[in-house]
Amino acid sequence: MRLDVVSIFPEYLAPLDLSLIGRARRDGLLALHVHDLREFTSDRHRTVDDSPFGGGAGMVMKPEPWAAALDHVVSDGAGPDAAVPHLLVPGPGGVPFTQAMAHRLAAEPWLAFACGRYEGIDERVYEHAAARMPVTVVSLGDYVLNGGEVAVLAMVEAVARLLPGVVGNAASLVEESHEGGLLEYPVYTRPASWADGDTVRDVPPVLLSGDHGAIARWRHDERVARTAARRPDLVAVAATVGGLDDLEVT
Ligand SMILES: N#Cc1c(N)n[nH]c1-c1ccc2c(Cl)cn(Cc3cccnc3)c2c1
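Quantities reported herein were computed from a predicted structural model and do not represent experimental measurements. (Residues numbered from 1 in each chain as written. Predicted model: local features only at pLDDT ≥ 70, side-chain atom pairs only at ≥ 80, totals over all residues. Heavy atoms only, no water.)

A. Structural view of helix α2 (residues 63-77). Between its first and last C-alpha, α2 extends 21 Å over 15 residues, near the 21 Å set by a 1.5 Å rise per residue. All buried positions along α2 are accounted for by P65, W66, A67, A69, L70, V73 and V74. Elements that come into contact with the buried residues of α2 comprise β1 (2-7), β2 (31-36), β4 (60-61), β5 (86-96), β6 (110-114) and α4 (123-130). (Helix = DSSP H or I, 4+ residues; strand = E, 2+ residues; numbered from the N terminus. Expected span 1.5 Å × (residues − 1). Buried < 20%, exposed > 50% of the residue type's maximum accessible area, 1.4 Å probe, protein only. Contact = heavy atoms within 4.5 Å.)

In structure tokens form, the structure reads like this:
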């Protein structure tokens with residue numbers, strides 16, 4: 001998979017050199033190209049923003065640098081098949097980024113991410129891009145960040161970890177939160193009995209039983225209970241698709 005990221009803060013993407021994503025890049029599972037938007041300006045001050053037409057607070061990102069940067073991404077990554085990337089633009093008004101979307105994106109060969117700042121990117125940039133490639137405006141959630149970089153870090157990690165070979169034990173991806181519409185079950189490790197000050201905290205005995213069927217049932221029941229307690233919204237969805245026919249919500 002090829003990933004391109006355009007930002008005025010390319011150093012914000014440095015964490016993608018670390019850990020599993022960094023290793024995936026070194027192993028050739030992932031090719032990441034980070035582009036500094038200011039490299040695509042044409043004035044001596046390398047201007048990327050200006051005041052909004054119609055007034056209002058803050059500044060808006062100018063269209064010309066973005067158009068030049070996105071055109072460069074398309075040409076830089078173009079191969080004999082004239083493929084283009086799927087452009088993902090984080091924005092507070094975007095469609096929700098979900099695990100299902102991460103899976104869909106992990107199946108695509110080339111993703112590009114546009115990290116905006118200020119009050120946003122001139123709307124004509126989306127039009128320019130949509131004339132050349134698929135464009136999706138995506139939001140991480142109903143809260144407000146200062147720009148797109150944090151969202152892109154999260155999306156790149158969520159997508160890249162689904163690529164074959166990136167996560168050592170692919171089995172660990174199966175029962176994570178949001179896989180199958182349920183939150184993850186609680187996990188424990190040694191000691192089996194922990195003297196936490198004056199309190200003794202024991203691991204649930206079923207996990208020490210060696211009865212793999214009982215352990216699987218316990219873990220599923222814990223996933224269902226946690227989802228009902230913490231994310232009743234997911235329960236509503238799963239119930240409609242018959243995923244929780246054994247749920248007893250008191
Ligand atoms: N994804 C996501 C996401 C999220 N979940 N919260 N905030 C954002 C996000 C993403 C992109 C930008 C760009 Cl470009 C500028 N800002 C600042 C801003 C703040 C309030 C209103 N308008 C713009 C962004 C915020």
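Structure's up, so let's keep going.
B. Just the nonpolar core, in detail. The biggest cluster of nonpolar side chains holds 31 residues, and the ones touching the most others in it are F97, F113 and V152. Mapped by element, the contributors of at least two residues to this core are β1, α1 (19-26), α3 (99-106), β6 and α5 (149-160). Among the elements that make up this core, the one with the highest residue count is α5 (eight residues). Setting aside anything within four residues of it in sequence, one finds F97 in contact with A102, L105, V138, S139, L140, M155, A158 and V159. In this structure, V6, L37, A69 and A114 belong to the second largest nonpolar core, which totals 19 residues. (Core = buried A, V, L, I, M, F, W, Y, C linked by side-chain atoms within 4.5 Å.)

C. Geometry of the side chain of H86. Inspection of the secondary structure assignment puts H86 in strand β5. Of the polar contacts made by the side chain of H86, one reaches the side chain of T136; its length is 2.7 Å. Contact partners of H86, with chain neighbours within four places excluded, come to L105, E108, W110, L111, A112, P134, V135 and T136. (Polar contact = N/O pair within 3.5 Å; in protein donor to acceptor, adjacent residues only side chain to side chain.)

D. Main features of the domain arrangement of the chain. Looking at the assigned domains, one finds that the chain contains domain 1 (2-170) and domain 2 (178-241). The C-alpha centroid of domain 2 is placed 36 Å from the C-alpha centroid of domain 1. (Domains from an automatic or database assignment.)

E. Looking closely at the packing of aromatic side chains. Summed over the entire model, instances satisfying the criterion amount to one aromatic pair. Measuring from centroid to centroid gives 6.4 Å for F9 and Y12, while their planes differ by 45°, and the two rings are tilted. Judged by its relative accessible area of 30%, F9 is partly exposed. Exposure remark for Y12: the relative accessible area of 34% places this residue in the partly exposed category. (Phe/Tyr/Trp six-rings, centres within 6.5 Å; stacked < 30°, edge-to-face > 60°.)

F. Seen up close, the sheet that holds β1. Taken in spatial order, the five strands make up an open sheet running β2-β1-β6-β5-β7, and their pairing is parallel. Taken across any chain shown, the strands that pair with only one partner, and hence form the sheet edges, are β2 and β7 (135-139). On average, adjacent strands in this sheet sit at an angle of 30° to one another, irrespective of strand direction. As paired strands, β5 and β7 are joined by six bridges and run parallel to one another. Looking at the pairing, P96 lines up with S139 of β7. In the packing of α4 onto the sheet, contacts are made with β5 and β7, and the angle to β7 comes to roughly 135°. (Pairing = 2+ DSSP bridges. Axes fitted to C-alpha atoms, helices over the stretch in contact; angles between N-to-C directions.)

G. Just the environment of G181, in detail. Considering the arrangement of structural elements, one finds G181 in the loop between α5 and β8 (193-196). Along the primary structure G181 and G56 are separated by 125 residues, whereas in three dimensions their C-alpha atoms are 41 Å apart. Not counting residues within four places of it along the chain, the set of residues in contact with G181 comprises T227 and L234.

H. Quick look at the packing of α2 against α4. Across the interface, α2 lies against α4 with an axial gap of 9 Å and an inter-helix angle of 25°. Classified by the interaxial angle, the pair formed by α2 and α4 is roughly parallel. Two packed elements cross with a definite hand, and for α2 against α4 that hand is right-handed. Contacts between α2 and α4 involve P63, W66, A67, L70 and D71 from the first element and R124, V125, H128 and A129 from the second. Looking at the contact of α2 with α4 residue by residue, the classes come out as six nonpolar, one polar and two charged. (Parallel < 35°, antiparallel > 145°, perpendicular 65-115°, else oblique. Left-handed = near helix turned anticlockwise from the far one by under 90°. Nonpolar A, V, L, I, M, F, W, Y, C, P; charged D, E, K, R; others polar.)

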